[in-house]
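Now for the letters of each chain:
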Amino acid sequence: MARYGIGLIGLGKIATDQHVPVIAADPDFEVVAVASQRGESLPGLAQSYRDWQDLLRDAKGVDAVAICTPPQVRYVIARAALSAGKHVLLEKPPAATVSELVDLQRRSTAAGLTLFATWHSQFNAGVEEARRQLAGRQIRRLEVTWKEDVRHWHPGQAWIWEPGGFGVFDPGINALSIVTRIMPTPLFVRSATLSFPANRAAPIAADLVFAATGGADETLSAVFDWRQTGKQSWDIAVETQDGLHLLLAEGGSKLSINGKPAVEEPSREYQGIYRRFAALLSGGGTDVDADPFRLVADAFLVGRRVEVEPFED
Ligand code: NAP
């Protein structure tokens, strides 16, 4: 029998693509209940609810919930789950606002429950090696290029264009979760240009300029764009003052150092997430890394909004 029973809330794309198969293969976890507004379920699962509140109240054997909904509703569900005595795993982005995340952290600490704000991209093998390589070094150049085709990756996801859906920051925050992990010093958003389609409430593209040390010789930037067709790019290039060149490609799964391949492993992001969750649960810990989320909030705070052509799915 698995050590921890999971209640899965929201059975959309990421829940079915990753959480369900990864939990099924992890001896520490078992999905014991699901909540799906559309009435989706898993084969042979008796405890299936349309309303997540019914799951929290009635389901047996739920030690923790994994909240795989859009971010706009994450806080309300997580807060109720903590009140019901459940440990909580949050999909990214962890909430709709920074204050919500701070409150969840406070509540989980007060209740003595685990809160894990996951950043799946951080679990790529190349990311940890890049962090190790950059430790103690001064960065001269950071160039993030995150360009993908929204029609391919987010077909029909209306929530992503609504306030609190984050638009292109939904993938862009994955890049930022890697950047904040590997940078040896904190990063600040100096300026941002956010491109909003005339008919949408969230940006389709964003250009960010960062500062770290504030030195005149540093160039730190990120480009997120959802209008990319053809080759997709999820690359982070870093150059240090002492001449080290790193390229993290394919979302962090490939790392090359000074042009030579250093790490290339198949992506096992969600396996890493559930290993970490098991460790947190057994040790009674909490893991809330707010840095990527704060950078997105800062980009909205200082960003200049420009209107671009309407976007139709
Ligand atoms: P999705 O396919 O739209 O699934 C989200 C699911 O949440 C919906 O299918 C619905 O499932 C449930 N839901 C929607 N509104 C709800 C509400 N008001 N209350 C309760 N449940 C609600 O979206 P997704 O791609 O899985 O993304 C979900 C989250 O995972 C996002 O924050 C996203 O950034 C993150 N994520 C996505 C991916 C990816 O590749 N798609 C990768 C990593 C992380 P039910 O009808 O079953 O309730």
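Because the structure is a prediction, the values reported are computed rather than measured.

A. Broad picture of the pattern of salt bridges. The final tally for this structure, using the stated rule, is 21 salt bridges. Between R107 and D103 there is a salt bridge, with its nearest N and O atoms 2.7 Å apart. With R107 and D103 both in helix α4 (residues 98-111), this residue pair falls four residues apart, about one helical turn. Owing to a relative accessible area of 25%, R107 belongs among the partly exposed residues under this scheme. Here D103 falls in the buried class, since its relative accessible area comes to 15%.

B. View of the sheet that holds strand β6 (residues 115-117). The strand order across the open sheet built from six strands is β3-β2-β1-β4-β5-β6, with neighbouring strands paired in parallel fashion. Of all the strands in the sheet, just β3 (48-49) and β6 have a single pairing partner and so form its edges. Where strand β4 (residues 64-67) lies against strand β5 (residues 87-90), four bridges are found, and the strand directions are parallel. Counterpart to A64 in the pairing with β5 is H87. Helix α3 (residues 74-83) rests against β1 (4-9), β4 and β5 of the sheet, and its axis sits at about 160 degrees to β5.

C. Main features of the nonpolar core. By size, the foremost hydrophobic cluster in this structure holds 75 residues, and its most contacted members are F169, F224 and I236. F224 has contacts with V144, W146, V168, F169, G172, A175, L176, I204, A205, A206 and L208, leaving out every residue within four places of it along the chain. With 25 residues, the next largest nonpolar core counts L8, V22, L280 and L281 among its residues.

D. Examining the pairing of strand β14 (residues 260-264) more closely. As defined by bridge partners, strand β13 (residues 254-257) adjoins β14 across four bridges and the pair is classed as antiparallel. Note that in β14 the partner of I257 across the bridge is K260. Counting the residues in the hairpin turn of β13 and β14 gives two residues, including N258, whose phi is positive at 50 degrees.

E. Spotlight on α3. Residues of α3 that are buried: R74, Y75, I77, A78, A81 and L82. Along the axis of α3, the buried positions cluster into a sector of 165 degrees, meaning they face one direction only. Downstream of α3 by one or two residues, G85 has phi in the positive range, about 85 degrees.

About the criteria used
Residues numbered from 1 in each chain as written. Predicted model: local features only at pLDDT ≥ 70, side-chain atom pairs only at ≥ 80, totals over all residues. Heavy atoms only, no water. Salt bridge = Lys/Arg side-chain N within 4 Å of Asp/Glu carboxyl O. Helix = DSSP H or I, 4+ residues; strand = E, 2+ residues; numbered from the N terminus. Buried < 20%, exposed > 50% of the residue type's maximum accessible area, 1.4 Å probe, protein only. Pairing = 2+ DSSP bridges. Contact = heavy atoms within 4.5 Å. Axes fitted to C-alpha atoms, helices over the stretch in contact; angles between N-to-C directions. Core = buried A, V, L, I, M, F, W, Y, C linked by side-chain atoms within 4.5 Å. Arc of directions from axis to C-beta.

In short, shape yes, function no, at least from these values alone.
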